[in-house]
Amino acid sequence: MIFTTSTKGRYALRLMLDLAAQDSEKFISLEEIATRQGFSKKYLEAILKILVQNKLLKGLRGKNGGYKLTRKPKDYTVGEILELTDGNLYVVPCMENENNICERKSECLTLPMWEKFNKLAHDFFYGITLQDLLENVNKNF
């Protein structure tokens with residue numbers, strides 16, 4: 001089982017980058033985002049709901065409503081966005097919690113390898129911010 005992001009995770013990241021590239025004081029309408037990114041409004045609404053509920057975005061209803069970031073782009077990591085929308089970044093199910101609950105844990109010769117890989121994936125995604133992506137900073141990714 002290799003970690004792959006869902007469409008929801010990839011779209012959430014694109015949505016957050018879209019908002020990060022806009023005027024941070026202005027609310028951006030659902031219609032504008034959907035048009036720029038080529039998303040269906042219905043699918044976009046589901047992603048926006050998750051991001052607003054978890055306070056990554058602020059939403060405003062009405063004529064001049066829309067969405068905007070609650071923090072600066074440098075304060076969002078790719079890891080937090082993907083984990084919020086995809087659930088986790090683990091590559092094997094036994095790594096999904098801190099206790100590594102597995103009946104074979106004591107005899108698993110591959111556990112150290114999976115732990116190291118999970119740490120690499122976590123550190124990689126949590127080491128990249130929206131600002132990094134906007135600036136296309138060469139971080140060897």
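Everything below is about the structure printed above this text.
To keep things clear, this report deals only with the structure shown in the data block.

Procedures and definitions
- Residues numbered from 1 in each chain as written.
- Predicted model: local features only at pLDDT ≥ 70, side-chain atom pairs only at ≥ 80, totals over all residues.
- Heavy atoms only, no water.
- Salt bridge = Lys/Arg side-chain N within 4 Å of Asp/Glu carboxyl O.
- Helix = DSSP H or I, 4+ residues; strand = E, 2+ residues; numbered from the N terminus.
- Buried < 20%, exposed > 50% of the residue type's maximum accessible area, 1.4 Å probe, protein only.
- Pairing = 2+ DSSP bridges.
- Phe/Tyr/Trp six-rings, centres within 6.5 Å; stacked < 30°, edge-to-face > 60°.
- 1 Å grid on protein atoms, 1.4 Å probe; cavity = no way out; pocket = protein on both sides within 12 Å on 5 of 7 lines; lining within 4 Å.
- Points joined across faces, edges and corners; volume = space filled by probe spheres on them.
- Nonpolar A, V, L, I, M, F, W, Y, C, P; charged D, E, K, R; others polar.

## Thoughts on the pattern of salt bridges
Inspection of every chain in the model, using the stated rule, returns 6 salt bridges. A salt bridge links Lys 119 to Asp 123, with the nearest nitrogen and oxygen atoms 2.6 Å apart. Of the two residues, Lys 119 and Asp 123 are both situated in helix α5 (residues 111-126); the distance of 4 residues between them amounts to about one turn of the helix. The partly exposed category is assigned to Asp 123, whose relative accessible area is 39%. Salt bridges sharing common partners tie together Asp 18, Glu 32 and Arg 36.

## Notes on the environment of Leu 120
Its location among the elements puts Leu 120 in helix α5. Placed 84 residues apart in sequence, Leu 120 and Arg 36 show a C-alpha to C-alpha distance of 33 Å.

## Brief notes about the pairing of strand β2 (residues 66-69)
Summarising the sheet, strand β1 (residues 57-60) and β2 pair through 4 bridges and their orientation is antiparallel. Within β2, the position partnered with Leu 60 by the bridge is Gly 66. Here β1 folds back onto β2, and the loop between the two strands holds 5 residues, one of which, Gly 62, carries a positive phi near 110 degrees.

## Quick notes on the packing of aromatic side chains
Summed over the entire model, instances satisfying the criterion amount to 3 aromatic pairs. For the ring pair Tyr 11 and Phe 39, a centre distance of 4.1 Å and an interplane angle of 15 degrees mean the geometry is stacked. One end of the pair, Tyr 11, is in helix α1 (residues 7-20); the other, Phe 39, is in the loop between α2 (30-37) and α3 (41-53), with 28 residues separating them in the sequence. Residue classification places Tyr 11 among the partly exposed positions, given a relative accessible area of 22%. Of the residues examined, Phe 39 reaches a relative accessible area of 6% and is grouped as buried.

## Focus: the layout of surface pockets
Approximately 240 Å³ is the volume attributed to the largest pocket. For the largest pocket, the lining is made up of 13 residues, of which Gly 59, Leu 60, Arg 61, Gly 66 and Tyr 67 are closest to its centre. Looking at the lining of the largest pocket, the elements that each hand over two or more residues are α3, β1 and β2. The leading source of residues in the lining of the largest pocket is α3, at 4 residues. A per-class count over the lining of the largest pocket returns 5 nonpolar, 5 polar and 3 charged. Considered as a void within the structure, the second largest pocket measures approximately 160 Å³ in volume. Together, 15 residues line the second largest pocket, and Ser 24, Leu 69, Arg 71, Lys 72 and Pro 73 are the ones closest to its centre. Of all the elements in the fold, those that place two or more residues in the lining of the second largest pocket are α1 and β2. Tallying contributions element by element places β2 first for the lining of the second largest pocket, with 3 residues.

That is the geometry; function is a separate question.
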